[in-house]
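Commentary on secondary and tertiary structure
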Amino acid sequence: MQRHDDPLARLRRGHEERVLDLLRKRGPLSRGELGKWSGLSRTTLYDIIAELVNSGAIVASAPDPALRKRGRPVETLALNPEAGQAIGIDFARRAVHVASVNVAHEVIGSASEPHAADLPWEEQVDIAERLIATLAEGTLRLGALSAIGVGVVGPIGAPGADTTHADRVNGLPRLLGKRFGVPVLLDNNTRLAALAESVWGAAAGDEDVLYLRLSHGVGGGLVVGGSLHRGVDGLSGEFGHITVETAGAARCECGGTGCLETVASIGAVLDSYRTAGGRADDIAAFLAASEAGDSVAHDVLRRVGDRIGTVLAAVCNATGPGVIVIGGELAEAGAALIEPVEEAIHAHILPLARHRIDLRRADLGEAGGALGGIALVLHESPLLSRYPAQPDPEEHV
């Protein structure tokens, strides 16, 4: 017989998560401040705090004597930075990115290394292991927060997906688990970048975020109520496969035609630029031409921005985010792209929402996917959420 949680246990975990979430978002707080922001009774709050201190999730400290006022010193509570470290790895198309953060959400460091697009998983994991070693300097403490969050390109475990891709991705957690000896949480790297931007980046503190990444592929993610939305079979955020062209539309890698990716990916933008008479060998040369005021580059970006904004408006009408974050290499074009995107959003979004949408450029760059893997660990770690691991389906009592 499987074990089941009773309602009181779920209620207690909810109270613990409320306290931990306040400390994550607001930093060290006194018991009085925690009571004010949590809405919990004094008895319940003090019981929850005692349990979290005993478990090592939070630490209590007295104020600096030099700053102490008259009367009894007010003790503050904070997430315990010594409780462990979380590792994030992003296996991008042409590079491996890693990052490390402690339980107090302090970023310890990040590193990247490029590689050939067809490099085998084993060699990509070798790169990740070497980069993590440089961050840890021999003192990596996975400790109580022992997990690794991993981002990969493409859908995760979706039926009908390319079998070779699915087999390779599904074997990755086992490979990493053997190397590091800890559980592995896996998700799409672009979707994880959306989560990272809502925790540390351009949308930090915002709970309803729409993220779009414009790179060699086009994809994104939704953060709803502060949580990453994966959708059925992990297919949420595939904004690059929304149709934007009909007549003479190009065929997309997904099998469809006229997808946003056929218009707004790096390859598509470079093709449009060259067809219009421009000369650029790569995205860096195109961005340099745009920055220099090249009218052909600006015309291409205006057309692309219009298509992007139209898609974003449709998604906003369906999901109602408060913040839109645009990232990826193409976003480095700045105002030449962002302004037409914003104009198209305003033209197509519901009038009531027109002035409530805040459009921003991403802050985290190439580290976004790895940091998103860490955010996944921090949000789902039993140490922080106090939710037990899922019971083994073969375990019986």
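Residues numbered from 1 in each chain as written. Predicted model: local features only at pLDDT ≥ 70, side-chain atom pairs only at ≥ 80, totals over all residues. Heavy atoms only, no water.

Thoughts on the overall build of the chain
Secondary structure summary: the chain contains 13 helices and 13 strands in total. A buried classification covers 46% of the 397 residues belonging to the chain. Here the analysis covers contacts within the chain between residues at least 6 apart in sequence; of these, 64% occur between residues at least 24 apart. Summing over all exposed atoms, the chain offers an accessible surface of approximately 19500 Å²; the carbon and sulfur share of this is 51%. (Helix = DSSP H or I, 4+ residues; strand = E, 2+ residues; numbered from the N terminus. Buried < 20%, exposed > 50% of the residue type's maximum accessible area, 1.4 Å probe, protein only. Contact = heavy atoms within 4.5 Å. Areas by Shrake-Rupley, 256 points an atom, 1.4 Å probe, with all protein chains shown as cover.)

Focus: the sheet that holds strand E7 (residues 148-152)
With mixed pairing, five strands are arranged side by side in an open sheet as E6-E5-E4-E7-E8. Looking at strand neighbours, the two that pair on one side only are strand E6 (107-114) and strand E8 (184-188), the edges of this open sheet. Looking at each pair of strands side by side, their axes are set apart by 15° on average, direction ignored. One ladder, built from five bridges, connects E7 with E8; its direction is parallel. When the bridges of E8 are listed, glycine 151 appears paired with aspartate 187. On top of the sheet, helix H6 (residues 189-199) reaches strand E4 (85-91), E7 and E8; it is set at about 100° to E8, its chief contact. (Pairing = 2+ DSSP bridges. Axes fitted to C-alpha atoms, helices over the stretch in contact; angles between N-to-C directions.)

Details of the sheet that holds strand E9 (residues 209-214)
What the five strands build is an open sheet, ordered E11-E10-E9-E12-E13; its pairing is mixed. Strands at the two margins of the open sheet, each flanked by one partner only, are strand E11 (227-229) and strand E13 (358-361). On average, each strand axis in the sheet is inclined to that of its neighbour by 25°, with strand direction left out of account. Note that strand E12 (residues 323-327) and E13 share four bridges and pair parallel. Looking at the pairing, valine 323 lines up with aspartate 358 of E13. Helix H10 (residues 295-319) contacts E9, strand E10 (218-224) and E12 of the sheet and is inclined by roughly 155° relative to E9. Of the strands in this sheet, E9, E12 and E13 touch helix H11 (residues 335-348), which is tilted by about 160° from E13.

A look at the pattern of salt bridges
The final tally for this structure, using the stated rule, is 13 salt bridges. Between aspartate 187 and arginine 230 there is a salt bridge whose closest N-O contact spans 2.7 Å. In this pair, aspartate 187 sits in strand E8 while arginine 230 sits in the loop between E11 and helix H7 (261-264), placing the two residues 43 residues apart along the sequence. For aspartate 187, a relative accessible area of 1% translates into the label buried. Note on arginine 230: relative accessible area 30%, which makes it partly exposed. In this structure, glutamate 245 engages arginine 307 in a salt bridge whose closest nitrogen and oxygen atoms are separated by 3.0 Å. One end of the pair, glutamate 245, is in the loop between E11 and H7; the other, arginine 307, is in helix H10, and 62 residues separate them in sequence. The class of glutamate 245 is partly exposed, set by a relative accessible area of 24%. You can call arginine 307 partly exposed: its relative accessible area is 25%. (Salt bridge = Lys/Arg side-chain N within 4 Å of Asp/Glu carboxyl O.)

Details of the side chain of serine 215
Secondary-structure assignment places serine 215 in the loop between E9 and E10. We classify serine 215 as buried; its relative accessible area is 4%. Sequence-distant contacts of serine 215, that is, excluding residues within four places in its chain, are made with Ser265, Ile266 and Glu329.

Regarding the packing of aromatic side chains
Tallied over the full model, the rule gives two aromatic pairs. Ring plane angle 85° and centroid distance 5.3 Å describe the contact between phenylalanine 91 and tryptophan 121, whose orientation is recorded as edge-to-face. Within this pair, whereas phenylalanine 91 is found in strand E4, its partner tryptophan 121 is found in helix H4 (residues 121-136), the two being separated by 30 residues in sequence. The pair phenylalanine 91 / tryptophan 121 is uniform in exposure class, with both members buried. Aromatic pair tyrosine 273 and phenylalanine 286: ring centres 5.0 Å apart, planes at 80°, arrangement edge-to-face. Separated by 13 residues along the polypeptide, tyrosine 273 in helix H8 (residues 266-275) and phenylalanine 286 in helix H9 (residues 283-291) bring together distant segments of the chain. For the pair formed by tyrosine 273 and phenylalanine 286, the shared burial category is buried. The side chain of lysine 36 reaches across the aromatic face of tryptophan 37, ending 5.3 Å from its centre. (Phe/Tyr/Trp six-rings, centres within 6.5 Å; stacked < 30°, edge-to-face > 60°. Lys NZ or Arg CZ within 6 Å of the ring centre and 35° of its normal.)

So, H9
Residue pairs three or four apart in sequence face the same way in an α-helix, which turns once every 3.6 residues. All of the buried residues along H9 are Ile283, Phe286, Leu287, Ala289 and Ser290. The arc enclosing the buried residues of H9, seen along the axis, measures out at 155°, which places them on a common side. In this structure, the buried residues of H9 make contact with H8, H10 and H11. Directly beyond the C-terminal end of H9, a positive phi value near 95° is found at glycine 293. (Arc of directions from axis to C-beta.)

Brief notes about the confidence of the model for the chain
Detailed reading of predicted coordinates is not advised where the pLDDT is low. Chain-level statistics for the chain give a pLDDT mean of 83 and a share of 83% at 70 or above. Across residues 1-5, where pLDDT falls below 50, the model places eight contacts with residues more than four positions away in sequence or in other chains. (pLDDT = per-residue confidence, 0-100.)

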